[in-house]
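The primary structure of each chain is shown beneath.
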Amino acid sequence: MKTKEDFLLDVRAAIKENRVVIMMLYNAETDDFCVLSNGYGIGFDDMLAEFMEMPFIGHIPISKAFEEWQDYFENPDEAEIYGFELEDGEMQMAILECYLEA
């Protein structure tokens, strides 16, 4: 089981390798999802420092993973999805096995 620091170091390394990182934010108050990826020019590196301050849920079992992960993984059971608590919901993040086009 990875610690928050280990996971965020893995995310940083994946970004440097141009691997796709997906972040899903769920707002419980509005029941809305927002999906972000490092492929859309989002400054993930800048955001990583903020994640250090968020409560870390840890590894998310597939039974508690957002259904939307099925759009990104052929076999969601094998996905390594990690979560963070948000003030009004939850954020789940995963590193995909694909790369951004240069």
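Residues numbered from 1 in each chain as written. Predicted model: local features only at pLDDT ≥ 70, side-chain atom pairs only at ≥ 80, totals over all residues. Heavy atoms only, no water.

Enquirer: Would you explain unusual backbone geometry in this entry?
Expert: The residue N18 is not glycine, and still its phi comes out positive at about 65°. With respect to the secondary-structure elements, N18 resides in the loop between α1 (4-16) and β1 (19-27). Its identity is not glycine, yet D31 carries a phi of approximately 55°, on the positive side. Within the element layout of this structure, D31 appears in the loop between β1 and β2 (32-37). (Helix = DSSP H or I, 4+ residues; strand = E, 2+ residues; numbered from the N terminus.)

Enquirer: I keep staring at the sheet that holds β2 and nothing clicks. Help me out?
Expert: The pairing of strands in a sheet comes from backbone hydrogen bonds and takes either a parallel or an antiparallel form. Taken together, the 5 strands give an open sheet; going across it, the order is β2-β1-β5-β4-β3, and neighbouring strands pair in antiparallel fashion. Only two strands of the sheet have a single partner each, and these edge strands are β2 and β3 (56-59). On average, adjacent strands in this sheet sit at an angle of 20° to one another, irrespective of strand direction. Of the pairings in the sheet, the one linking β1 to β2 comprises 6 bridges and is antiparallel in character. In the sheet register, M24 faces β2, and the bridge partner there is V35. Taken strand by strand, α1 contacts β1, β3, β4 (81-86) and β5 (89-99), and its axis lies near 45° from that of β5. (Pairing = 2+ DSSP bridges. Axes fitted to C-alpha atoms, helices over the stretch in contact; angles between N-to-C directions. Contact = heavy atoms within 4.5 Å.)

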